[in-house]
Amino acid sequence: MEISWDTLHAGIAACQKCGLCQNIHNKVPGQGNGKADLMFIGEGPGADEDLQGLAFVGKAGQLLTKMIAAIGYTREEVYICNVVKCRPPQNRVPTPEEAAACMPYLRAQFSLVRPKVIVLLGATAARAVLGDQIRITRDRGKWVEKKGVFFMPTYHPAALLRDESKKRDAWADLKAVKAKLEETL
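Every chain is numbered independently, its residues counted from 1 as its sequence is written. Restriction of local features to residues with pLDDT of at least 70 applies here, the model being predicted, together with a cutoff of 80 or more for giving and counting side-chain atom pairs; totals for whole chains, interfaces and linings are based on all residues. Water and hydrogen atoms play no part in the side-chain values, which are based on all heavy atoms of the structure.

1. So, unusual backbone geometry
Here comes step 1: Its identity as a non-glycine residue notwithstanding, N23 has a phi of 60°, on the positive side.
Here comes step 2: Even without a glycine there, the phi angle at N91 is positive, about 60°.
Here comes step 3: Note on conventions: DSSP H or I runs of at least 4 residues are helices, E runs of at least 2 residues are strands, and numbering of each starts at the N terminus. Within the fold, N91 resides in the loop between strand 3 (79–82) and helix 4 (96–113).

2. Here we look at the packing of aromatic side chains
Here comes step 1: Ring pairs are drawn from Phe, Tyr and Trp, using the six-membered ring of Trp, whenever the two centres fall within 6.5 Å, and their geometry is named by plane angle: stacked under 30 degrees, edge-to-face over 60, tilted for the rest. All told, the structure shown has two aromatic pairs when counted by the stated rule.
Here comes step 2: Judged by centre distance (6.1 Å) and plane angle (85°), the ring pair of W143 and F150 falls under edge-to-face.
Here comes step 3: Taking the relative accessible area as the measure of exposure, W143 reaches 29% and is therefore partly exposed.
Here comes step 4: Positioned over the ring face of Y105 is K17, at 4.5 Å from the centre of the ring.
Here comes step 5: Sitting over a ring, as applied to charges here, requires NZ of Lys or CZ of Arg to be within 6 Å of the ring centre and within 35 degrees of the ring normal. Positioned above the aromatic ring of F150 is the side chain of K180, whose terminal nitrogen or guanidinium carbon lies 4.2 Å from the ring centre. Categorising residues by exposure relies on relative accessible area from a 1.4 Å probe, with only protein chains included: less than 20% of the type maximum marks a residue as buried, more than 50% marks it as exposed, and the intermediate range marks it as partly exposed.

3. A few points about the pairing of strand 2 (residues 38–42)
Here comes step 1: Counting buried residues in strand 2 gives five out of five residues, a clear majority hidden from the surface.
Here comes step 2: The pairing criterion for strands is at least two bridges between them, as found by DSSP. Two strands pair when backbone bridges link them, and strand 2 and strand 4 (residues 117–121) are joined in this way by four bridges, in the parallel orientation. Within strand 4, the position partnered with L38 by the bridge is V117.
Here comes step 3: Both strand 2 and strand 3 contribute to a ladder of four bridges, which runs parallel. For I41, the partnering residue across the bridge sits in strand 3 and is C81.

4. Observations regarding the pattern of salt bridges
Here comes step 1: The rule for a salt bridge is simple: a side-chain nitrogen of Lys or Arg has to be within 4 Å of a carboxyl oxygen of Asp or Glu. Within the structure shown, the criterion is met by ten salt bridges.
Here comes step 2: Salt-bridge contacts for R138 lead to D139; the nearest nitrogen and oxygen are separated by 2.9 Å.
Here comes step 3: Of the charged contacts in the structure, one is a salt bridge between K178 and E182, with a shortest N-O distance of 3.6 Å. In this pair, K178 and E182 both sit in helix 8 (residues 167–184), four residues apart, roughly one turn of the helix.
Here comes step 4: The class of K178 is partly exposed, set by a relative accessible area of 31%.
Here comes step 5: You can call E182 exposed: its relative accessible area is 52%.

Structural measurements only, silent on function.
If you want it as structure tokens, here you go:
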């Protein structure tokens, strides 16, 4: 079955596959260029995202916007989404069951966007997409290729806000992402 953005967004809006849809303000499907070469996947919406219904608009999102700009792109040129589309209570990490419930939506986003490069922001996103064996401190900055798409796990912007010593590694990862994009275009 061919999926469209309208069908995807309607499915997310109606979703009740897990308890995360309880006590939220908005579902946060993701946004940006629907045909972007570069996609960013985070963990899940936070408080600001839940209120606005947009991914990465809080402090971590503001840092992500700067990171995207640092490699020569705007938010409008890339696609930004999360593994789960509803805010977990108290910003806790989504359970594997919650992530699995949202995985069909993430796969649909991937198939609609068809990015060349995907940046996995943090351990939750990296594990959801690449498998439980991923350790962000060990595996960040290492390319994983699947069916011609290049995946780069790196630190989540929220982690960079908590520990600025990680910013140098994240910048090295972003420079590698820019180089890979230039190589694949």
